[in-house]
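Overview (structure and organization)
Chain by chain, the residues:
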Amino acid sequence: MAPEKTSDGLDNYAFAVDGIDRFCELPENKNGSDNFSEEGDSNKLAYCVTDIPPWYLCIFLGIQHYLTAFGGIIAIPLILSQGLCLQHDGLTQSHLISTIFFVSGVCTLLQVTFGVRLPILQGGTFTLLSPTMALLSMPEWTCPAWTQNASLVNTTSPEFIHVWQSRVQVLQGSIMVGSLFQVLVGFSGLIGLFMRFIGPLTIAPTISLIGLSLFDSAGMNAGHHWGISSMTTCLIVIFSQYLRHIAIPFPKYSKAKKFHTTRIYIFQILPVLLGITLSWLICYLLTIYNVLPSDPDKYGYLARTDIKGDVIGRAPWFRFPYPGQWGVPTVSLAGVFGILAGVISSMIESVGDYHACARLSGAPPPPRHAINRGIGIEGIGCLLAGAWGTGNGTTSYSENIGALGITKVGSRMVIVCSGFVMIIMGMFGKIGAIFTTIPTPVIGGMFLVMFGVIMAAGVSSLQYTDMNSSRNLFIFGFSMFTGLAIPNWIMKNPTSIATGVVELDHVLQVLLTTSMFVGGFFGFLLDNTIPGTKRERGIIAWKKDHQNESDNTLESDDVYGLPFGINSCLSSFTWTKYVPFCPTHKVSRQDHTPSSLDSLDTKTESNKGDTHIIAGVAL
């Protein structure tokens, strides 16, 4: 995901590194044009992927990456709290927030060290959110009515604890089993087989329906006070769209220039965080001056910042998340099948992220073994997220890839620092508790922007296809419409599925109420069965946009080889050349198993658009 081009002559990057005269050239694309900036100087990196910046710069940029991913990561436990019956239990919400930050940090370190080894951050994924919410909406997991009433909820009672823990446990088990599929696909090299049959007409409805299926959650949260939610939305839009080219001077010190000022495009880097913080502060002021109603039955009460009680005071200063902290995971067959649909979407997105990250960090295109290892490590990350009980998995974060183009620092050591920052933040319980006091309408305003851009990001993959074709119009329109109509009807008629086998009924219930699965299934089926040319389906345009060589060169080994001398140890064994995830793995030119998006077999109808679904979080 390259930074956007501007026509006003402004450099479209938000952090200026002064006093550095050593730059790395970004790889040029095939047609010789610059996809990453509008000026020649902004096509240079201050630090390449293998470089190590000064420690203070690593810490600063690591914190910035953490803040960039903040909006997307924190949104997931806040959405899940509704299905887990935790709307009125701020302390447990804070524990979920701390846990997902902690696990995201651990998975980031694993990915940078042993995975694809690119400067790519890991965090919660929205692709697993749709199937998990579909599972929790089943009759047997519907929240009891008394849990929706704050006056009836005793958060310390065994009955209430059992209600939410039983739901977390079934999510844990389903995610852990489903993630094994991703581990298998990654480490076995089967990711290429999936990429052969998946194109923009499959991806577009799949990703778009993730955002569309969450409209009810966004509207419900925003509707508690439309004034506050509208203010939050307007602030995020103003910061991200109208003020993104406004540079704010900040003091800086360097040996060459001593104390001086440097311009930082702060609105472009952190629009969501700034919008939430400002709205949050206004709600706090309206609360302490009693402008907002104190009666729980009156409109606007949920905009107050004190309704969670003394959750910050009750939260521990230090809390170490651990696997199985919510109890022994249980497995739901329906949940596993739903998670599989989300895992496949996550894998497709991540392969595109790897290539975008390589281009923006000055690295050569990722070879086969690196992509296989990256997908496998992401599967392990989902397994760890399930074991720790985040209620979600992990995936590569696209907005942080965009931050590489903004900062012009492509060093993976910065992402290592960011991983440690997330781990440390996840262990301070009061930090997670602070986030739970964000008023519900503020969250709803953020969702209105976030989910809308996620939907648009899915539609953007259609740019590679011929949308003047009646074939493509039919496939996309039919997939989108059925992806909305069928889940809506099933949810209104939950007893309509009665095959006589209870387990099969549950599986069908979850899959058919997951818009992402229904739309993606029809898009996949129709795109691979209805006759159409490669140009019409978008294969030629898409492959041309991603055409790069990905041989195992010396430079590639420097970037993607395993650390701690593991490479040299493996090179002494001949059998490692047959292992798909080993750096010594060699593939002949006749073997068209894709290691990258560009190496797809030209005889196969395969394509994929740049579906960076989380990029909308940071806009």
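Residues numbered from 1 in each chain as written. Predicted model: local features only at pLDDT ≥ 70, side-chain atom pairs only at ≥ 80, totals over all residues. Heavy atoms only, no water.

Within an unreviewed UniProt entry, the label attached to the protein chain reads Solute carrier family 23 member 1-like, and the organism entered is Sinocyclocheilus rhinocerous. As recorded by UniProt, the Sequence similarities (unreviewed entry) comment attached to the protein chain reads in full: "Belongs to the nucleobase:cation symporter-2 (NCS2) (TC 2.A.40) family." A UniProt comment under Subcellular location (unreviewed entry) is attached to the protein chain, and it reads "Membrane". (UniProt positions renumbered as here; feature names shortened; annotations may be inferred.)

Quick notes on the overall build of the protein chain
What the protein chain contains, in helices and strands, is 25 helices and six strands. Look at the contacts in the protein chain between residues 6 or more apart in sequence, and 82% of them connect residues 24 or more apart. Of the roughly 24300 Å² that the protein chain leaves accessible, carbon and sulfur atoms contribute 66%. (Helix = DSSP H or I, 4+ residues; strand = E, 2+ residues; numbered from the N terminus. Contact = heavy atoms within 4.5 Å. Areas by Shrake-Rupley, 256 points an atom, 1.4 Å probe, with all protein chains shown as cover.)

Re the pattern of salt bridges
For the structure shown, the criterion picks out three salt bridges. A single salt-bridge network, built from bridges that share partners, covers Arg471, Asp527 and Arg537. (Salt bridge = Lys/Arg side-chain N within 4 Å of Asp/Glu carboxyl O.)

Things to note about a nonpolar patch on the surface
On the surface, Leu184, Leu190, Leu193, Phe197, Phe521, Phe524 and Leu525 cluster together to form a nonpolar patch covering roughly 600 Å² of accessible area. Take the nonpolar patch: its biggest share by element is three residues, from helix H20 (residues 515-529). Here Leu193 lies in helix H5 (residues 191-195). (Patch = residues over 30% accessible without salt bridge, like charges linked within 9 Å, V, L, I, M, F, W, Y side chains within 5 Å.)

Digging into the packing of helix H4 (residues 158-188) against helix H13 (residues 368-388)
Remark: H4 packs on H13, axes separated minimally by 7 Å, with the N-to-C direction vectors making an angle of 170°. Taken together, H4 and H13 sit at an angle that is classed as roughly antiparallel. Taken together, the residues of the contact of H4 with H13 sort by class into twelve nonpolar, eight polar and two charged. (Axes fitted to C-alpha atoms, helices over the stretch in contact; angles between N-to-C directions. Parallel < 35°, antiparallel > 145°, perpendicular 65-115°, else oblique. Nonpolar A, V, L, I, M, F, W, Y, C, P; charged D, E, K, R; others polar.)

Regarding the state of the cysteines
Per the counting criterion, the structure on display carries one disulfide. A sulfur-sulfur separation of 2.0 Å characterises the disulfide bridge that pairs Cys85 with Cys143. Its S-S torsion of approximately -100° makes the covalent link between Cys85 and Cys143 left-handed. Of the two residues, Cys85 is situated in the loop between helix H1 (55-83) and helix H2 (90-114) and Cys143 in the loop between helix H3 (129-136) and H4; the sequence distance between them amounts to 58 residues. Accessibility classification places Cys85 together with Cys143 in one group, the buried group. The thiol of Cys382 is not disulfide-bonded; the next cysteine sulfur, from Cys107, is found 7.6 Å away. (Disulfide = S-S within 2.5 Å. Buried < 20%, exposed > 50% of the residue type's maximum accessible area, 1.4 Å probe, protein only.)

A look at the nonpolar core
Residues Leu118, Phe126, Met446 and Phe451 are the most contacted members of the largest nonpolar core, which totals 108 residues. At twelve residues, the largest contribution of residues to this core is made by helix H12 (residues 333-360). Discounting chain neighbours no more than four positions away, the residues touching Leu118 are Val112, Tyr354, Cys357, Ala358, Ser361, Ala363, Arg412, Val559 and Tyr560. (Core = buried A, V, L, I, M, F, W, Y, C linked by side-chain atoms within 4.5 Å.)

Describing H3
With seven of eight residues buried, H3 is to be regarded as a mostly interior element. Taken as a whole, H3 has its buried residues at Leu129, Ser130, Pro131, Thr132, Ala134, Leu135 and Leu136. In the core, the buried residues of H3 are packed alongside H1, H4, helix H6 (200-212), H12, helix H19 (502-512) and H20.

Side note on the packing of H1 against helix H15 (residues 412-427)
It is the contact of H1 with H15, at a shortest axis distance of 8 Å, that shows an interaxial angle of 60°. Taken together, the axis directions place H1 and H15 in an arrangement best described as oblique. Note on packing geometry: the crossing formed by H1 with H15 is right-handed. Contacts from Cys58, Ile59, Leu61, Gly62, Ile63, His65, Tyr66 and Ile73 of H1 reach H15 at Met413, Val414, Ile415, Cys417, Ser418, Val421, Met422 and Met425. (Left-handed = near helix turned anticlockwise from the far one by under 90°.)

Let's talk about the packing of aromatic side chains
The final tally for this structure, using the stated rule, is twelve aromatic pairs. Ring geometry for Trp164 versus Trp326: centroids 5.3 Å apart, planes at 70°, classification edge-to-face. One end of the pair, Trp164, is in helix H4; the other, Trp326, is in the loop between helix H11 (311-314) and H12, with 162 residues separating them in the sequence. With relative accessibility at 5%, the residue Trp164 sits in the buried group. Aromatic pair Phe517 and Phe521: ring centres 6.1 Å apart, planes at 25°, arrangement stacked. Taken together, the residues span about one helical turn, with Phe517 and Phe521 both in helix H20 at a distance of four residues. Linked through ring pairs, Phe474, Phe478, Phe517, Phe521 and Phe522 together constitute an aromatic cluster. When the ring centre of Trp317 is taken as reference, the NZ or CZ atom of Lys430 above it lies at 5.1 Å. (Phe/Tyr/Trp six-rings, centres within 6.5 Å; stacked < 30°, edge-to-face > 60°. Lys NZ or Arg CZ within 6 Å of the ring centre and 35° of its normal.)

Describing the environment of Asp466
Among the secondary structure elements, Asp466 is positioned in the loop between helix H17 (440-459) and helix H18 (470-492). Taking C-alpha positions, Asp466 is 6.7 Å from Gly538, a pair spaced 72 residues apart along the chain. Once residues lying within four places of it in the same chain are set aside, the contact partners of Asp466 are Asn472, Arg535 and Glu536.

Some points on the environment of Leu285
Secondary-structure assignment places Leu285 in helix H10 (residues 271-288). Separated by 20 residues in sequence, Leu285 and Thr305 place their C-alpha atoms 9.1 Å apart.

Digging into H12
The end-to-end C-alpha distance of H12, which contains 28 residues, comes to 40 Å, matching closely the 40 Å that a straight helix rising 1.5 Å per residue would cover. Summarising burial for H12: 24 of the 28 residues are buried, a large majority. Looking one or two residues beyond H12, the residue adopting positive phi is Gly362, at roughly 75°. (Expected span 1.5 Å × (residues − 1).)

Let's talk about unusual backbone geometry
A positive phi is found at Cys85, a non-glycine position, where the angle reads about 65°. Judged by its relative accessible area of 0%, Cys85 falls in the buried class. Despite not being glycine, Asn290 shows a phi value in the positive range, around 55°. According to the relative accessible area criterion, Asn290 is exposed, its value standing at 57%.

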